[in-house]
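Fold and contact review
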Amino acid sequence: MNFYQQLQLSSIGSKQWIKSTNDLKEKRNRILIYNFKVYLVVAFCFAVVTLYSMIFGSQNSIVGVLVLLVLMILRQVDFGIDTKHSIAVIFMIFGILAAGPRLANTVSAGWTFLIHFVCIMAILILSCHNVIMSNQSTFILGYLLLYGYDVTGHDYTLRIYGLLAGAVICSLVFYKNHRNRRFRRGFLHLFKEFHLFSTRSNWYLRLSIGISTAMLIGELANMPRVMWIGIATMSVLLPFSKDMKYRVQRRGPFNILGCMIFLLLHMILPDSIFKWIGLIGGVGVGYSAGYAWQTVFNTFGALYIAESMFGLKTAIILRIVANVFGSLYAYGFDKIFRGVSTAVRNLMKDDTMVGNQV
């Protein structure tokens, strides 16, 4: 495996590659490349977000984060349809990201729930032809972040420009990487293949309703940072029960651990270093191969921003409550939804059989 190929590996892949050799010199070289990759990615992320902040304003730095995440996904993942149709899908999704979060912030809780459901469902249908690839997670995360970091007036105009620029950049990268792939499926197949009781479509509904209802409860309880509830729910509400149980058991506890580490660092680090806590968290995520420690390090940047808005104590309490509630709610909702869905499916089968007999 050459240098470039090693840079393309995930954290899990890099660690497995390091363990696969017993030659000490080769192992050191692989470790050096792994470290280089982590800091290269963090530096690139920092540069992109900084550039977006300079061009579109500091209030829209989150758009830079979103575009960066989408780029990292679309370099390798396709939509399972004709490449030219996929370009249209990218622009459609960015259109949803531009309109949905802003509109949801202007209406009452009930209408907000409906907008969340429609937008998340549309993102799933457009982007998630293969649930194992999980490319929908990046777009839904972007939707929730844009909802949580809402802007108005001139900042919103700049946000639209930033998202449009992001759509163009992502489309160019996508076309470059996937232009030679051939698919028999086109745009309309994304909708033709939606069947209410198919495993994939049923999960679309479960995820869309699960996130939207969890956030609705947060809205009705007047809880700040409702997007944290949505992100926690999305993170654990996976298609497969085994994977979901694994994440539910870790989302809350490791968020609490992340908050405690953040608090400790807050006490011992000087302000000149602590202001870079978001970057420290990014480096930690780069070194983390598992969900648990990624959850810990993702806490740092979120808490740093929330602390400036709510104070340290309130920010930590909000973070813990949102993640514990979101993960436990997702688990309970999944059980109820699966039971109701199975009952409805069986009822419809019975009615069909009766009808055929008549």
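Above this note sits the structure.
The model shown is predicted, which means the values in this text are computed figures rather than measured ones.

Rules and cut-offs
Residues numbered from 1 in each chain as written. Predicted model: local features only at pLDDT ≥ 70, side-chain atom pairs only at ≥ 80, totals over all residues. Heavy atoms only, no water. Salt bridge = Lys/Arg side-chain N within 4 Å of Asp/Glu carboxyl O. Helix = DSSP H or I, 4+ residues; strand = E, 2+ residues; numbered from the N terminus. Buried < 20%, exposed > 50% of the residue type's maximum accessible area, 1.4 Å probe, protein only. Axes fitted to C-alpha atoms, helices over the stretch in contact; angles between N-to-C directions. Parallel < 35°, antiparallel > 145°, perpendicular 65-115°, else oblique. Left-handed = near helix turned anticlockwise from the far one by under 90°. Contact = heavy atoms within 4.5 Å. Core = buried A, V, L, I, M, F, W, Y, C linked by side-chain atoms within 4.5 Å. Phe/Tyr/Trp six-rings, centres within 6.5 Å; stacked < 30°, edge-to-face > 60°. Lys NZ or Arg CZ within 6 Å of the ring centre and 35° of its normal.

Some words on the pattern of salt bridges
- Summed over the entire model, instances satisfying the criterion amount to 7 salt bridges.
- One salt bridge connects Arg 206 with Asp 334, and the closest N-O pair in it is separated by 2.8 Å. Of this pair, Arg 206 sits in helix 10 (residues 199-220) while Asp 334 is found in helix 16 (residues 312-357), placing the two residues 128 residues apart along the sequence. In this structure, Arg 206 and Asp 334 share a single accessibility class: buried.
- Taken together, the shared-partner salt bridges in this structure form one network comprising Arg 185, Glu 193 and Arg 200.

Some points on the packing of helix 5 (residues 83-104) against helix 8 (residues 153-178)
- At their nearest, the axes of helix 5 and helix 8 sit 9 Å apart, and the two run at 160° to each other. One finds that helix 5 runs roughly antiparallel with respect to helix 8. Crossing geometry of helix 5 relative to helix 8 is assigned as right-handed. Side by side, helix 5 and helix 8 meet where Thr 83, Ser 86, Ile 87, Ile 90, Phe 91, Phe 94, Leu 97, Ala 98, Ala 99 and Arg 102 of the first sit next to Tyr 156, Leu 163, Leu 164, Gly 166, Ala 167, Val 168, Cys 170, Ser 171, Phe 174, Tyr 175 and His 178 of the second.

Focus: the nonpolar core
- In terms of nonpolar packing, the biggest core is built from 80 residues, with Phe 79, Phe 94, Ile 140 and Tyr 143 touching the most fellow members.
- At 9 residues, the largest contribution of residues to this core is made by helix 5.
- Ignoring anything within four residues of it in the chain, the contact list for Tyr 143 reads Leu 97, Gly 100, Pro 101, Ala 104, Ile 115, His 116, Cys 119, Ile 120 and Ile 123.
- Ile 18, Tyr 34, Val 38 and Val 283 belong to the second-largest nonpolar core, a separate cluster that totals 5 residues.

Some thoughts on the packing of aromatic side chains
- Under the criterion given, the structure shown has 18 aromatic pairs.
- Their ring planes at 70° and their centres at 6.1 Å tell us that Phe 254 and Trp 293 sit as a pair that is edge-to-face. On the criterion of sequence distance, the pair formed by Phe 254 in helix 12 (residues 241-268) and Trp 293 in helix 15 (residues 291-310) is long-range, its members being 39 residues apart.
- Accessibility expressed as a relative area gives 21% for Phe 254, which makes it partly exposed.
- Residue classification places Trp 293 among the partly exposed positions, given a relative accessible area of 41%.
- Grouping aromatic residues by their ring pairs yields a cluster made of Phe 254, Phe 262, Phe 274, Trp 293, Phe 297, Phe 300 and Tyr 304.
- Here Arg 30 stacks its cationic end above the ring of Trp 17, 3.6 Å away from the centre of that ring.
- Taking NZ or CZ as reference, Arg 225 lies 5.7 Å from the ring centre of Trp 228, over its face.

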